[in-house]
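This is what each chain is made of:
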Amino acid sequence: MTVEYPAEYWKDYELLDSGRGEKLERFGKYVLRRPEPKALWDPSMPDAEWRKLTHVNFRPGAGFGKAGKEDSGTWEKLKKMDDQWGIVYRGASDAETGAHSDLDLSLRLGLTAFKHVGVFPEQAPNWEFIFRETSRLVRIHKANGLPAPKVLNLFAYTGAASLAAKAAGADVTHLDSVRQVVTWARENMERSGLDGIRWVVEDALKFARREERRGNRYQGIILDPPAYGHGPDGEKWKLDELLFGMLRSVSAILAPRDSFLVLNLYSNGYSATLGETVVREAFKDFREMSSGELALRDGFGKVLPLSIYVRLKR
């Protein structure tokens, strides 16, 4: 199994320490202290040092740990800081030339009521994969006189993966059920000097099934579904019950050749092996598949696994 981490050259993010159910992170110029149930070990730094470094601390609310409300709570500012700020992510450098790719993202962060700040740093390896694969497909399409490859990002949140595909030259559709985060994603697009993304506020499963009926096809599809969720019209999403059906519909709208899928799963109890199996059974025909974990390594070398990924190529 492969474990992937954000590249060390990313200067705007750092996991400083982790342990006792928490993590201490630096996003740009601010240090945040947040709950992290997977940090089962002891912190490497004393609590006094954590307090000294922290700008803002997330305090869980009454719903913390309950399905659908597991991340709710409030932020307690310990030092002066902005409610919103920005960070930059630059693409990986070429191993031979040292030159950076054209993946250059500017992301707006903010303190939300659900302990999140608008970006999941461990996803950087997925952004890199999406950028590389989309760039490859763009070259194929240009060589054959075809229009830009189409990439669909479902459960797309604030859009870093959408921006990675757009930066590579794709025709991108970004879908999320929450209008506010789609607006946030649009702001990230504008900050990053990009344009032309199609924005959709809708239930992901309903959209995928409609695209299947219409016979529409995409050269790239990205899925990062939550364990629980709701569509804009009250549709209920439960990962355990609906994931396989979603993948079956996605299989029907992913182009049969020169295409890719990225599936990311955060749900506890899901393994890379399970992810591979469910994707394999839903897709059947493909030429390449890989899976593994996305993790962060803190300043003391402790590895914090956060999600599993499956990547498929046709």
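Residues numbered from 1 in each chain as written. Predicted model: local features only at pLDDT ≥ 70, side-chain atom pairs only at ≥ 80, totals over all residues. Heavy atoms only, no water.

**Section: the overall build of the chain**
Here's step 1: Along the backbone of the chain there are seven helices and 17 strands.
Here's step 2: In terms of overall size, the chain behaves like a compact globule, its C-alpha atoms giving a radius of gyration of 19 Å where 314 residues would be expected to give roughly 20 Å.
Here's step 3: Overall size of the chain, expressed as C-alpha extent along the three principal axes, is 60 × 45 × 35 Å.
Here's step 4: Per-residue burial for the chain yields a buried fraction of 53% across its 314 residues. (Helix = DSSP H or I, 4+ residues; strand = E, 2+ residues; numbered from the N terminus. Rg over C-alpha atoms; globule rule 2.2 N^0.38 Å. Buried < 20%, exposed > 50% of the residue type's maximum accessible area, 1.4 Å probe, protein only.)

**Comments concerning the sheet that holds strand β4 (residues 30–35)**
Here's step 1: Reading across the sheet, the five strands line up as β2-β3-β4-β5-β6 and stay open at both edges, with mixed pairing between neighbours. On the outer flanks of this sheet lie β2 (13–19) and β6 (73–77), each paired with one strand and no other. Between one strand axis and the next, the sheet turns through 20° on average, direction left out of account.
Here's step 2: The sheet contact formed by strand β3 (residues 22–27) and β4 spans six bridges and is antiparallel. Note on β4: the bridge partner recorded for E22 is P35. (Pairing = 2+ DSSP bridges. Axes fitted to C-alpha atoms, helices over the stretch in contact; angles between N-to-C directions.)

**A short note on the packing of helix α5 (residues 204–214) against helix α6 (residues 239–253)**
Here's step 1: At a minimum axis separation of 9 Å, α5 and α6 run at an interaxial angle of 35°. Handedness of the α5/α6 crossing: left-handed. Here A204, L205, A208, R209, E211 and E212 of α5 come into contact with α6, specifically with L242, G245, M246, S249, A252 and I253.
Here's step 2: Its residues assigned to classes, the contact of α5 with α6 comprises seven nonpolar, two polar and three charged. (Left-handed = near helix turned anticlockwise from the far one by under 90°. Contact = heavy atoms within 4.5 Å. Nonpolar A, V, L, I, M, F, W, Y, C, P; charged D, E, K, R; others polar.)

**What to know about the packing of aromatic side chains**
Here's step 1: Taken as a whole and assessed by the stated rule, the structure comprises 12 aromatic pairs.
Here's step 2: A centroid spacing of 5.5 Å and a plane angle of 45° characterise the contact between F120 and Y266, whose relative ring orientation is tilted. On the criterion of sequence distance, the pair formed by F120 in the loop between β8 (104–110) and α2 (124–143) and Y266 in the loop between β15 (260–265) and α7 (272–283) is long-range, its members being 146 residues apart.
Here's step 3: Classification of F120 by relative accessible area gives partly exposed; the value is 24%.
Here's step 4: For Y266, a relative accessible area of 24% translates into the label partly exposed.
Here's step 5: Ring centres 6.5 Å apart and planes at 45° place the aromatic pair Y157 and W184 in the tilted group. One end of the pair, Y157, is in the loop between β9 (150–154) and α3 (160–167); the other, W184, is in helix α4 (residues 179–191), with 27 residues separating them in the sequence.
Here's step 6: Members of the aromatic cluster, each reached through a chain of ring pairs, are W10, Y13, F27, Y89 and W127.
Here's step 7: If you follow R108 out to its NZ or CZ, it ends over the ring of W184, 4.1 Å from the centre.
Here's step 8: Here the basic side chain of K150 rests over the ring of Y218, its NZ or CZ set 4.9 Å away from the ring centre. (Phe/Tyr/Trp six-rings, centres within 6.5 Å; stacked < 30°, edge-to-face > 60°. Lys NZ or Arg CZ within 6 Å of the ring centre and 35° of its normal.)

**Here we look at the side chain of Q123**
Here's step 1: Note that Q123 resides in the loop between β8 and α2.
Here's step 2: Within the structure, the side chain of Q123 is placed 3.0 Å from the side chain of N264, a separation counted as a polar contact.
Here's step 3: A polar contact of 3.5 Å, which involves the side chain of Q123, links it to the side chain of S307.
Here's step 4: Once residues within four sequence positions are removed from consideration, Q123 is found in contact with N264, Y266, L294 and S307. (Polar contact = N/O pair within 3.5 Å; in protein donor to acceptor, adjacent residues only side chain to side chain.)

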